[in-house]
Amino acid sequence: MVEEKVEPVLKLYKKFSLFKLNTPRFISSRLEKSLDFLEWDLTPSDIFSGSTFCSLLVFSFFFILYHVFKDWILIFVGVYASVFLFFFLMSYPLFAYKRLVRDGTSEMLLAAIFLSLSYRIEGNVENALLFAAQNLKGILGREFSRVIAWLRSRKLISYKDAIEYLRRRWGEENPRFIDMINCLFSPVHGQVEREKNADEAVRMMLDGERERMRNLVLQMKNPVRIINIFGILLPMMMVILIPIFVFFVPEFFDERVLFIGYTFVLPSILFLLLQFQLVLKAPSVHTLELDYIYDLRWIKRYVFLISLIIFISALVYLGLKISISTSLFSITLYSFILLFFVFIVIILNTFVVFKLFSKRLDKLISLETQILPFLSSLSISLEKNIPFEYSLQETVGKVRDPEARRMLTMLVSKMLSGRENFEDMIFNPKSGILKEYPSQLLKITFRVISGLLDKGSYFLKVGIKSLQKFFIDLSDVQLLTKEVLEEAISDIKLQVKIFAPLAGGITIGMSLIVFHVMSQIRFGEETLIQNVGTEGLLFVENLEKLKLPKLLILSIGFYIIEMTIILSSFVSEIEFGEDYIKKIGEIGKTTIVSFLIFTILLWMLLIFAVSVVQFGSVGSEGI
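Computed from a prediction, not measured in an experiment: that's the story for all the values here. (Residues numbered from 1 in each chain as written. Predicted model: local features only at pLDDT ≥ 70, side-chain atom pairs only at ≥ 80, totals over all residues. Heavy atoms only, no water.)

Engineer: I'd like a rundown of the confidence of the model for the chain, residues and numbers included.
Structural biologist: Per-residue confidence for the chain gives a mean pLDDT of 82, with 90% of residues at or over 70. Within the model, pLDDT remains below 50 along residues 615–623, and this stretch shows zero contacts once partners closer than five positions in the same chain are excluded. (pLDDT = per-residue confidence, 0-100. Contact = heavy atoms within 4.5 Å.)

Dropping the structure here:
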């Protein structure tokens with residue numbers, strides 16, 4: 001099952017693997033399992049050969065540039081680019097495998113609820129799989145769609161063959177999922193027995209997920225600590241050593257290496273490490289149906305265009321200002337302004353986009369809380385054996401939420417007018433209810449009702465009661481997710497929001513203090529120079545030449561911003577799953593907090609350094 005977005009990568013492997021290399025056994029064994037699960041038409045030898053030759057090509061390109069421009073930094077960039085590319089391409093099948101497993105296992109709890117909802121009503125395995133496939137957005141939904149296609153084409157003879165296929169694919173990743181399917185679809189007679197099986201299947205899945213997620217949280221603790229040490233603490237501690245390094249061995253110090261190291265090398269290492277640790281993901285419940293939000297696409301496009309203009313303009317102008325500046329204060333000021341513009345660009349693409357849709361999201365979440373009371377009232381009205389549209393009209397008056405009442409009133413008026421069928425009233429992308437209320441839960445609710453309207457009042461009553469049970473199960477899912485994931489992400493949130501910018505602000509501030517203090521030292525008295533001797537004279541000359549590396553503040557500032565984005569993306573993926581709006585909102589909020597702490601500390605320490613030096617110089621003049 002090859003996704004469209006990975007097709008270019010597969011072509012890259014094939015293009016650069018014309019000459020096969022012998023793959024080391026320990027690499028081959030790790031890749032085989034991933035490639036089998038991904039169903040890519042590649043071998044471990046293709047991956048190893050393609051990665052090797054592609055990396056060598058990149059290094060050769062920079063090696064040629066080095067001979068043209070005679071600048072050794074091109075060799076450094078070439079080594080970094082080729083090594084990173086090799087490890088990325090070698091690890092890509094593992095990343096893709098882990099991502100699919102993570103996405104699939106995160107959907108299994110919702111899949112159990114979708115399957116049980118449909119099976120409660122109709123008792124048909126194929127329809128249950130089809131309903132789950134229509135409402136699951138990830139890999140598991142595609143797996144169910146594939147199984148349905150095979151059942152209809154007779155490639156699979158019975159649903160038992162379909163369950164066997166799912167067991168081979170997912171049994172090792174989550175055995176409880178296969179147990180749940182066997183329990184749900186075990187042969188029974190009558191509605192009551194189906195209800196018991198459905199309840200037991202969902203309960204089994206909830207208990208299994210609670211245990212599985214807790215184990216994954218425990219597994220993440222040590223790797224996350226290691227990432228905090230090597231991704232935050234050590235890089236920040238190294239900043240303090242930069243003034244000493246610049247002073248004692250200035251001939252070996254190149255600030256371009258500092259910039260490349262902190263802006264590209266360290267973030268890429270952090271990114272690769274996190275790809276191996278992202279094994280947990282929340283099931284997405286309260287999500288927007290992005291297919292019905294047409295303005296999101298053009299808003300993202302325009303915001304990105306504006307951001308690009310801002311970034312390029314600021315980079316050209318402020319980069320020129322930094323290059324011609326000589327004083328510590330002006331370099332610090334222009335570097336910070338450039339960092340501020342980068343911060344603005346990130347906020348435009350995350351927090352601003354989130355705020356544009358947050359009111360709509362809050363409105364829908366409030367509306368979704370009214371679905372269960374609405375279904376209870378509707379179930380009571382349907383017991384009177386009156387037509388559905390009149391039951392719906394009777395229920396409207398019992399709904400307290402004004403937005404929910406407005407939506408239902410709109411639906412009733414459409415139904416009574418008789419101009420279009422129920423399917424178009426809800427799902428029409430131009431005029432349907434979901435265009436104004438693009439909620440996943442509303443879509444599921446109305447999809448069930450739409451499928452049952454033509455089957456008679458009995459099935460409709462059973463369907464409404466099953467929907468009530470569905471929303472009760474969903475609330476259990478939310479409680480489980482909140483209970484388990486809070487423990488996993490609270491420490492990471494604290495690190496990325498507080499500790500990382502705190503460490504960055506303090507270390508860069510201390511470095512600026514050292515540079516500022518040393519830049520104020522002057523040895524103008526001849527008698528003092530005569531007393532220091534030859535070695536002391538060399539010390540004095542080096543000290544007087546000491547200057548702030550112009551790329552120091554940009555290097556650390558960019559690293560703080562990149563690290564914040566990478567870690568907050570990691571956290572938001574765990575916490576919000578497929579909910580795109582909430583994810584970018586979390587990234588934006590975290591970046592704001594992190595950048596504010598970094599800014600306040602940086603300028604407080606710099607102002608403190610300037611005031612101390614000025615106070616000392618005034619005191620010496622008085623003496």
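Engineer: Kindly report on the nonpolar core, identifying the contributing residues and their values.
Structural biologist: Counting residues in each nonpolar core, the largest one holds 171 residues, and the members touching the most others are Leu115, Phe144 and Phe177. Of all the elements, helix α4 (residues 73–122) adds the most residues to this core, at 20 residues. With six residues, the next largest nonpolar core counts Phe62, Ala81, Ile260 and Val265 among its residues. (Core = buried A, V, L, I, M, F, W, Y, C linked by side-chain atoms within 4.5 Å. Buried < 20%, exposed > 50% of the residue type's maximum accessible area, 1.4 Å probe, protein only. Helix = DSSP H or I, 4+ residues; strand = E, 2+ residues; numbered from the N terminus.)

Engineer: Can you break down the packing of aromatic side chains residue by residue, with the values?
Structural biologist: The final tally for this structure, using the stated rule, is 32 aromatic pairs. Pairing Phe63 with Tyr66 gives two aromatic rings, centres 6.4 Å apart and planes at 35°, and the pair type is tilted. Residue Phe63 and its partner Tyr66 are both found in helix α3 (residues 44–69); the two are separated by three residues, about one turn of the helix. Residue Tyr66 is classed as partly exposed on the basis of its relative accessible area, which comes to 27%. Each residue in the set Trp40, Tyr80, Phe84, Phe88, Tyr92 and Phe95 is aromatic and connected to the rest through ring pairs, giving one cluster. In this structure, Arg169 packs its charged tip against the face of Phe37, placed 4.4 Å from the ring centre. Taking the ring centre of Phe427 as reference, the NZ or CZ of Arg447 above it sits at 5.2 Å. (Phe/Tyr/Trp six-rings, centres within 6.5 Å; stacked < 30°, edge-to-face > 60°. Lys NZ or Arg CZ within 6 Å of the ring centre and 35° of its normal.)

Engineer: Can you tell me about helix α2 (residues 25–38), naming the residues and giving the values?
Structural biologist: Spanning 14 residues, α2 covers 20 Å between terminal C-alpha atoms, matching the ideal 20 Å at 1.5 Å per step. Within α2 the residues assigned to the buried category are Ile27, Ser28, Leu31, Ser34, Leu35, Phe37 and Leu38. Along its buried surface, α2 packs onto α3, α4 and α7 (159–170). With its phi angle positive at about 60°, Glu39 sits one or two positions after the end of α2. (Expected span 1.5 Å × (residues − 1).)

Engineer: Could you give an account of the packing of helix α6 (residues 139–152) against α7, naming the residues involved and the relevant values?
Structural biologist: The geometry of α6 relative to α7 is characterised by a closest axis approach of 10 Å and an angle of 145° between their N-to-C directions. For the pair α6 and α7, the crossing hand works out as right-handed. In this structure, α6 contributes Ile139, Leu140, Glu143, Phe144, Arg146, Val147, Trp150 and Leu151 to the contact, and α7 contributes Tyr159, Ala162, Tyr165, Leu166, Arg169 and Trp170. In the contact of α6 with α7, the residues fall into eleven nonpolar, no polar and three charged. (Axes fitted to C-alpha atoms, helices over the stretch in contact; angles between N-to-C directions. Left-handed = near helix turned anticlockwise from the far one by under 90°. Nonpolar A, V, L, I, M, F, W, Y, C, P; charged D, E, K, R; others polar.)

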